[in-house]
Amino acid sequence: MKLPQFIQRRSNALILLLIYIFLSSILAYIHVINGGYFRLSYFLIILSTTFCLFLFVHILIKSRHHFGVFIGTLVLFLLLSEVSYLIYFGEVISEGVLASITETNTYEAFSMLKPVLFVTVPALIVTVGILFIYKKFITVKFRPLLPLTYYLAIAAIFLSAGTMVQNDTHEDYKLKSLILRKFYPAVLGNVVYLGVTSFSTDIYADTSEIEVFNDAVILPPQNINDNLVVLIMGESSLVSRYSAYGYPKPTTPLMAEIFNQNNGGCIINNSHSSASMTRDSIPMSLSFSIPESNDNLFNNKSIIEMAKYNNYKTYWLASYRQYIEGTANAKFGFIARKSDVLDFTDKDHDVNLSELLERYLKKDNAPKKFIFIHLRGSHQPYSDGYDEIDKQALPDAEDYDLTIHHTDRTVKAIYDVINKYSRNYSIIYTSDHGEIVNLGHGMSKGIDQFLIPFMFISKNNQFDCQFIESYRGSNGYLSGLMNKYILSNLLGYQIDQSILDKEKNNDRILLPGNQNVLFLDFLKLNK
């Protein structure tokens, strides 16, 4: 080999290594900062594992074996998809987003096709371009022994250390995948976490009755005169788009009429959800699960089971777009499957849920009923969430506002059916979370994904507006974490006041990365 040629190859190899180090340092810095703080040791570990990944991609793409080239191209595409996600949403993929992928139904999966294409199509185009460059112009080859040894050694060290850490009772199976996500954020950690989560939903499959009540619940329950308690749960509903809360377009005239002070109703200001994703918020509304742990989901009776214990027949009625497929939608499906009746409308729009409700109220003479109604609401794509009637009512409104108007009609239709078949009832309308309009929810930043409506009406004078206000925290907000306690009271249960005071004045939310933070701290950071 001629010396100049040898030097040229060494120079090319050095340039490529410097490029890989530079790109790795950028990704490592983003991941470290995304965790909320910078630590040099953590940064260096992520930089080194990401750098090794770049080397593996290079080695595989330059391989003489087609299978190696295929794997290298796939890894490159996944890496670029993560970068594309970062650019599109302004943050790295969270654990909550990955878990939601494995716990969604078929419709919701297809409904997110548009943002998925916005992420994957650019990644695919760039992958093809890079593959062409590597095949035509890059001649440098690296040996895999050193990076592979280092890559595996780091994994062995941290996975071994992780076995000594005590974790949430029902989340032990995720511990090692969480460690990999922490120290291998580029491709490997996300792929492993996604795979482990996909094959671990069996913990939600048990439908046997839980015998233990939460410590906050005082027994025995009382017999309440209300023979019907209804919780209507909206989806992706941002309170600032409701005319009932001051929005200039008449998006919710019917709800404003129903939930007003003159007929025993309340339109509650300053309410927020406990999480920005359905899989987390609904369990924290209908069970004693909290942001710090899922243990109470498995160890304590849910609101569904508590209602049954106090002789309420329980119903879970939902849009077919919120269909529960086996252990899919697993986390809140674990609660839903405890209901006496689990049914879904077969029609496109939420307004038809009133027909499903009437079918059961008309034929079922059970003296006491607890009904949970889950709307499709304002979930993306917004164009699927309204009909021609909404377009005629608000001809100049954007799609998201039309979905709110459709929810208004839906709640009115449900309310009319309830009035037709009952004279003793309590109704709550709220939402699982809010929405960053035209972007979505389930992100680490953005206060709109937590700001929700809360409306209440009861024919029982014991449950008035002051009853709801008594659950407001010292920070001035009504948290979605209070839903379980409000429902407990409506169903005849008393709550230990000391536990309740501690909870309502510790107002925290769960972020998609499984961090829990005080709501006011998050609010201040995201104003």
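Residues numbered from 1 in each chain as written. Predicted model: local features only at pLDDT ≥ 70, side-chain atom pairs only at ≥ 80, totals over all residues. Heavy atoms only, no water.

A.B. asks: Lay out the sheet that holds strand E9 (residues 478-479) with the relevant residues and their values.
C.D. replies: Across the sheet, which stays open at both edges, the eight strands sit in the order E5-E4-E6-E2-E7-E8-E3-E9 with mixed pairing between neighbours. One side of each edge strand has no neighbouring strand; the edge strands of this open sheet are strand E5 (341-344) and E9. This element, helix H19 (residues 483-490), spans strand E2 (228-234), strand E6 (369-374), strand E7 (425-431), strand E8 (451-458) and E9 of the sheet and lies at about 170 degrees to E7. (Pairing = 2+ DSSP bridges. Helix = DSSP H or I, 4+ residues; strand = E, 2+ residues; numbered from the N terminus. Contact = heavy atoms within 4.5 Å. Axes fitted to C-alpha atoms, helices over the stretch in contact; angles between N-to-C directions.)

A.B. asks: Please set out the nonpolar core residue by residue, giving values where relevant.
C.D. replies: Counting 54 residues, the largest nonpolar core has Leu286, Trp316, Phe370, Phe456, Ile486, Leu487 and Leu490 as its most contacted members. Sequence-distant contacts of Phe370, that is, excluding residues within four places in its chain, are made with Val229, Leu286, Ile303, Ile304, Ala307, Tyr312, Lys313, Thr314, Tyr315, Leu487 and Leu491. If you look at the next biggest cluster of nonpolar residues, it comprises 43 residues, including Leu356, Val417, Ile509 and Phe519. (Core = buried A, V, L, I, M, F, W, Y, C linked by side-chain atoms within 4.5 Å. Buried < 20%, exposed > 50% of the residue type's maximum accessible area, 1.4 Å probe, protein only.)

A.B. asks: I'd love a proper account of a nonpolar patch on the surface, names of residues and values included.
C.D. replies: A contiguous nonpolar surface patch, about 430 Å² in accessible area, is contributed by Ile15, Ile19, Phe22, Leu23 and Ile26. For Phe22, a relative accessible area of 53% corresponds to the exposed category. (Patch = residues over 30% accessible without salt bridge, like charges linked within 9 Å, V, L, I, M, F, W, Y side chains within 5 Å. Areas by Shrake-Rupley, 256 points an atom, 1.4 Å probe, with all protein chains shown as cover. Salt bridge = Lys/Arg side-chain N within 4 Å of Asp/Glu carboxyl O.)

A.B. asks: Lay out unusual backbone geometry in plain terms, naming residues and giving numbers.
C.D. replies: In this structure, the amide linkage connecting Leu219 to the following residue, Pro220, adopts the cis form with an omega of 0 degrees. With omega at -5 degrees, the peptide bond leading from Gln380 into Pro381 counts as cis. With respect to the helices, strands and loops of the structure, Pro381 is situated in the loop between E6 and helix H16 (388-393). Even without being a glycine, Val187 presents a positive backbone phi close to 70 degrees. If you trace the backbone, Val187 turns up in the loop between helix H8 (175-183) and helix H9 (188-198). By relative accessible area, Val187 is classed as buried at 6%. Here Ser236, not a glycine, exhibits a phi torsion of approximately 55 degrees, which is positive.

A.B. asks: Outline the side chain of Asp390, listing residues and values.
C.D. replies: Relative to the helices and strands, Asp390 resides in helix H16. Among the polar contacts listed, one links the side chain of Asp390 to the side chain of His406, at a separation of 2.8 Å. The contacts of Asp390, once residues within four sequence positions are left out, are Leu402, His405, His406 and Arg409. (Polar contact = N/O pair within 3.5 Å; in protein donor to acceptor, adjacent residues only side chain to side chain.)

A.B. asks: Report on the state of the cysteines, specifying residues and quantitative values.
C.D. replies: Taken as a whole and assessed by the stated rule, the structure comprises one disulfide. With its sulfur 2.0 Å from that of its partner, Cys266 forms a disulfide with Cys465. Since a negative S-S torsion denotes a left-handed disulfide, the Cys266-Cys465 link at about -100 degrees is left-handed. Separated by 199 residues along the polypeptide, Cys266 in strand E3 (residues 265-272) and Cys465 in helix H18 (residues 465-469) bring together distant segments of the chain. Take Cys266 and Cys465: they sit in the same class, and that class is buried. (Disulfide = S-S within 2.5 Å.)

Everything listed here is a matter of coordinates, which is why it stays silent on function.
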